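# Residue-level structure breakdown
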Amino acid sequence: MKPLNGLAMLTLVFCFLFAGAANTALAQDDSKADAAAKAYAKGAAEAKKSPDKAIAFLKQGNERFVMGKSIHPNVTAARLKQAGTENQGDHAYATVISCSDSRVPVELLFDAGIMDIFVIRVAGNVCDTDEVGSIEYGLAHVKTPVLVVLGHTQCGAVTAVTHAIHGEGHALERNIPPLVDNIQPAVKRAIKQHPDVEDDDIIPHAIEENVWQGIEDLFMKSPATRDLVKSGKAKVIGAIYDVGTGKVDWLPIEKTAEILKKVEADPKRAMNPMAGDDHGHGHGHDHGHKHPAKSGQQAEQGGGHSHSEKSSHDKAGGETHKH
Ligand SMILES: [Zn+2]
């Protein structure tokens, strides 16, 4: 009995030692996580202040994700409480439009959390009217200093349009053609620009061209976005997400400036930044709320004026964009 007791005692001592070591390790992990969360909060607050800082912060987040070093910020109960009581316009630092594809989880791939990114997801990341309205909301009301138009590798929507243009299309459900018609000019342009590229090899080119198409459609439809970009308060940047590696490939931002210049010279671009201002803007009326002739229509179409975020603008969204 005696040797066994001695062994039991020894085991007990080891157990305490191990438990102590494990506790120390846990405490270290906790303080490491705390430090990472604090650094993230500081970075996010900085990112909110300028387009370049926001882009840099998104890049850092994607790098953490790719390296397997995500910190999964802002998913705590405390953050939820904050989301329930505060204005997202004081927190979210980026607007992102991406494809609905299940392989493109926007917050995860930027290692972001709740109330960090204003996301629009639609098949083929097209910028049609509803998407552009959402983007205007993200830039002018949620006051994010950057918009990312995020395409992705292996995009099914771009692939389907490419096949259709190659004469290999098949029957589509009735609501899909008006969705993908935004992608067609991009695919046609990619084919024209790369006459030597055959069959499905054109798809990666078409995917990039579709990002540029989205930016062009956005600028054509949204004078408010053009104003924000021209004033330097917001930047629009294109990027392609690789669904196999998790990496975001950032496209040259200079190209956005080229597209903006082209749109500014296009007489077909939309001119009035505010809804209900087709008779010329600058009257100082409250664009919609008190406009009897159009109030019903604007209640449906007014894109967020009656939502909970503060609507502090007067004439044009761009003019009152503050940081
Ligand atoms: Zn897609």
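Residues numbered from 1 in each chain as written. Predicted model: local features only at pLDDT ≥ 70, side-chain atom pairs only at ≥ 80, totals over all residues.

Of the regular secondary structure elements, the chain holds twelve helices and five strands. Split into buried and exposed, the 323 residues of the chain put 36% on the buried side. In the chain, the share of contacts with a sequence separation of at least 24, taken over all contacts with a separation of at least 6, comes to 71%. (Helix = DSSP H or I, 4+ residues; strand = E, 2+ residues; numbered from the N terminus. Buried ≥ 20, exposed ≤ 12 C-beta atoms within 10 Å, placed from the backbone. Contact = placed C-beta atoms within 7 Å.)

A few words on the environment of leucine 109. Structurally, leucine 109 is set in helix H4 (residues 106-109). Looking at leucine 109, the number of C-beta atoms within 10 Å reads 25, which means it is buried. Counting along the chain gives 139 residues from leucine 109 to valine 248, while the straight-line C-alpha distance between them is 8.3 Å.

With mixed pairing, the five strands of this open sheet are ordered in space as S2-S1-S3-S4-S5. The outermost strands of the open sheet, each flanked by one partner alone, are strand S2 (117-121) and strand S5 (248-250). The sheet shows a mean angle of 25° between the axes of neighbouring strands, direction not considered. Inspection of the sheet shows strand S1 (residues 94-98) paired to strand S3 (residues 146-152) by four bridges, in the parallel sense. (Pairing = 2+ DSSP bridges. Axes fitted to C-alpha atoms, helices over the stretch in contact; angles between N-to-C directions.)

Attention shifts here to the packing of helix H5 (residues 129-141) against helix H10 (residues 223-230). Where H5 contacts H10, the axes come no closer than 10 Å and their chain directions differ by 40°. Accordingly, the angle class assigned to the pair H5 and H10 is oblique. The crossing of H5 and H10 is left-handed. Of the residues in H10, those in contact with Ile135, Glu136, Leu139 and Ala140 of H5 are Ala224, Thr225 and Leu228. A class-by-class count of the residues in the contact of H5 with H10 yields five nonpolar, one polar and one charged. (Parallel < 35°, antiparallel > 145°, perpendicular 65-115°, else oblique. Left-handed = near helix turned anticlockwise from the far one by under 90°. Nonpolar A, V, L, I, M, F, W, Y, C, P; charged D, E, K, R; others polar.)

A word on the environment of tryptophan 250. Tracing the backbone through its elements, the reader meets tryptophan 250 in strand S5. Overall, the presence of 15 C-beta atoms within 10 Å leaves tryptophan 250 in the partly exposed class. The spacing of tryptophan 250 and alanine 239 is eleven residues in sequence and 4.4 Å in space, taken between C-alpha atoms. Setting aside residues up to four positions removed in sequence, tryptophan 250 forms contacts with Ile237 and Ala239.

Its location among the elements puts histidine 170 in the loop between helix H6 (156-165) and helix H7 (177-180). In the structure, histidine 170 is positioned ten residues away from alanine 160 in sequence and 8.8 Å away in space, judged by C-alpha atoms.

Moving on to the confidence of the model for the chain. Taken residue by residue, the chain gives an average pLDDT of 85. The fraction at 70 or more is 77%. Every residue in residues 280-323 is under pLDDT 50, and counting partners more than four places away or in other chains gives 69 contacts. (pLDDT = per-residue confidence, 0-100.)

Let's shift gears to the nonpolar core. One recurring pattern in soluble globular proteins: nonpolar side chains tend to sit buried together. Ala94, Ile117 and Val148 are the most contacted members of the largest nonpolar core, which has 66 residues in total. Looking at this core, the element that brings in the most residues is helix H9 (residues 203-221), giving seven residues. Once you skip the residues sitting within four places of it in the chain, isoleucine 117 turns out to touch Ala92, Ala94, Val96, Val106, Glu107, Phe110 and Ala112. (Core = buried A, V, L, I, M, F, W, Y, C linked by C-beta atoms within 7 Å.)

H9 packs onto helix H8 (residues 184-193) with a crossing angle of 130° between their chain directions and a minimal axis gap of 8 Å. On the basis of the axis angle, H8 is oblique to H9. Every pair of crossing elements has a handedness; the one defined by H8 and H9 is right-handed. Contact residues: H8 offers Pro185, Ala186, Val187, Arg189 and Ala190, while H9 offers His205, Ala206, Glu209, Asn210 and Gln213. Per-class residue counts for the contact of H8 with H9 are five nonpolar, three polar and two charged.

Of the residues making up H6, those classed as buried are Ala157, Val158, Ala160, Val161 and Thr162. Taken together, the buried residues of H6 touch H7, H8 and H9. Count one or two residues on from H6 and you reach glycine 167, which has phi positive near 80°.

Most of strand S4 (residues 235-241) is tucked away: six of the seven residues are buried. Looking at chain direction, S3 and S4 are connected through seven bridges and run parallel. Directly across from histidine 152, in S4, lies its bridge partner tyrosine 241. As judged from the three bridges shared by S4 and S5, these two strands associate in the antiparallel manner. Paired with tyrosine 241 across the strands is valine 248, a residue of S5. Linking two consecutive strands that pair antiparallel, namely S4 and S5, is a turn of six residues; a positive phi of about 85° is found at glycine 246 within it.

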